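Coordinate inspection notes
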Amino acid sequence: MEGHEEDRTLEALGLSDAPRDHPLTYPGVWPAESGLLDGDRLLPLDRLTFPDRTPVLAVGSNACPAQLRHKMAGFALTSPIPMVRTRVTGIDVGVSAHVSILGYVSASPVHAPGVTRELFVIWLDAEQLAVVDATEPNFDRVRLPEPSVRVELDDGGTLAGVFAYVNRHGVLHNGAGVPRSHPGQRPLITELLLGSTGLRRMFGVTPEEFCVRARADARLCERGTQLFAKEKMVTRSGLEHLRVR
């Protein structure tokens, strides 16, 4: 039994690094399958739905077990979190129009009819939900619309009442007004710096410089966020109209 449990540690599974510590790895490594995040372990699940909890769609680092573990530890919570792999139709992973104080540019959901992505739903109890809300100051938690957004489980069932975090600043577009997809942190920052003299002046010319300058500098991050809007790089996610919590 001890050997089995050891094999399920985040380190053994290659899931121990969090984007908060390694910004260029954002959104972090996601699990290969559904599991129960229990401290430093990701254990098998015996079911896919948890009616006494709130289902929240994770499009960025909330699907990274190490990041979730850090968030909960910051509020002294140790209760397990079910993480369920799903197929989501109607949502794509866009780019948040703000610079995070953790040193990266995060993801945000965008309405994308006909697009299907494999994403995780995390099932949160009341205390866990309050923690994640508190750690998402640039986002509003909204309920995803049905049936335009469909969340399907591995057993073929569908979920209703799923929430997601939508960026308050909007999302970045692809140059033609359409929300751009998040390609991962290093290629994203490389593209953004190449395309904006203003960003290079603020954050340097490499992704590494960007992360170092942005980390823990709230004023600089705010200036970067304002520059996105000033340079007309921002569009709507298509989810802003949804009722906020």
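Here, the structure is the one placed above.
Residues numbered from 1 in each chain as written. Predicted model: local features only at pLDDT ≥ 70, side-chain atom pairs only at ≥ 80, totals over all residues. Heavy atoms only, no water.

**Section: the pattern of salt bridges**
One pass over the full model with this rule turns up 13 salt bridges. Between Arg168 and Asp140 there is a salt bridge, with its nearest N and O atoms 2.8 Å apart. Of this pair, Arg168 sits in the loop between β9 (163–167) and β10 (171–172) while Asp140 sits in strand β6 (residues 139–143), and the two are 28 residues apart along the sequence. Residue classification places Arg168 among the partly exposed positions, given a relative accessible area of 48%. Between Arg150 and Glu152 there is a salt bridge; the shortest N-O distance is 3.9 Å. (Salt bridge = Lys/Arg side-chain N within 4 Å of Asp/Glu carboxyl O. Helix = DSSP H or I, 4+ residues; strand = E, 2+ residues; numbered from the N terminus. Buried < 20%, exposed > 50% of the residue type's maximum accessible area, 1.4 Å probe, protein only.)

**Regarding the side chain of Ser108**
Assignment of secondary structure puts Ser108 in strand β5 (residues 107–124). Residue classification places Ser108 among the buried residues on the basis of a relative accessible area of 0%. Within the local environment of Ser108, its side chain forms a polar contact with the backbone nitrogen of Asn167, the two atoms lying 3.1 Å apart. If near-sequence neighbours (up to four positions away) are discounted, Ser108 is found in contact with Val59, Asp92, Val93, Gly94, Val95, Ser96, Phe139, Tyr165, Val166, Asn167 and Val171. (Polar contact = N/O pair within 3.5 Å; in protein donor to acceptor, adjacent residues only side chain to side chain. Contact = heavy atoms within 4.5 Å.)

**What about the nonpolar core?**
By size, the foremost hydrophobic cluster in this structure holds 25 residues, and its most contacted members are Leu57 and Ile91. Mapped by element, the contributors of at least two residues to this core are β4 (81–95), β5, β7 (150–153) and β9. When near neighbours in sequence (up to four residues on either side) are disregarded, Ile91 contacts Leu57, Pro109, Val110, His111, Ala112, Val115, Arg117, Leu119, Leu144, Val149 and Leu239. If you look at the next biggest cluster of nonpolar residues, it comprises 21 residues, including Val131, Val132, Phe139 and Tyr165. (Core = buried A, V, L, I, M, F, W, Y, C linked by side-chain atoms within 4.5 Å.)

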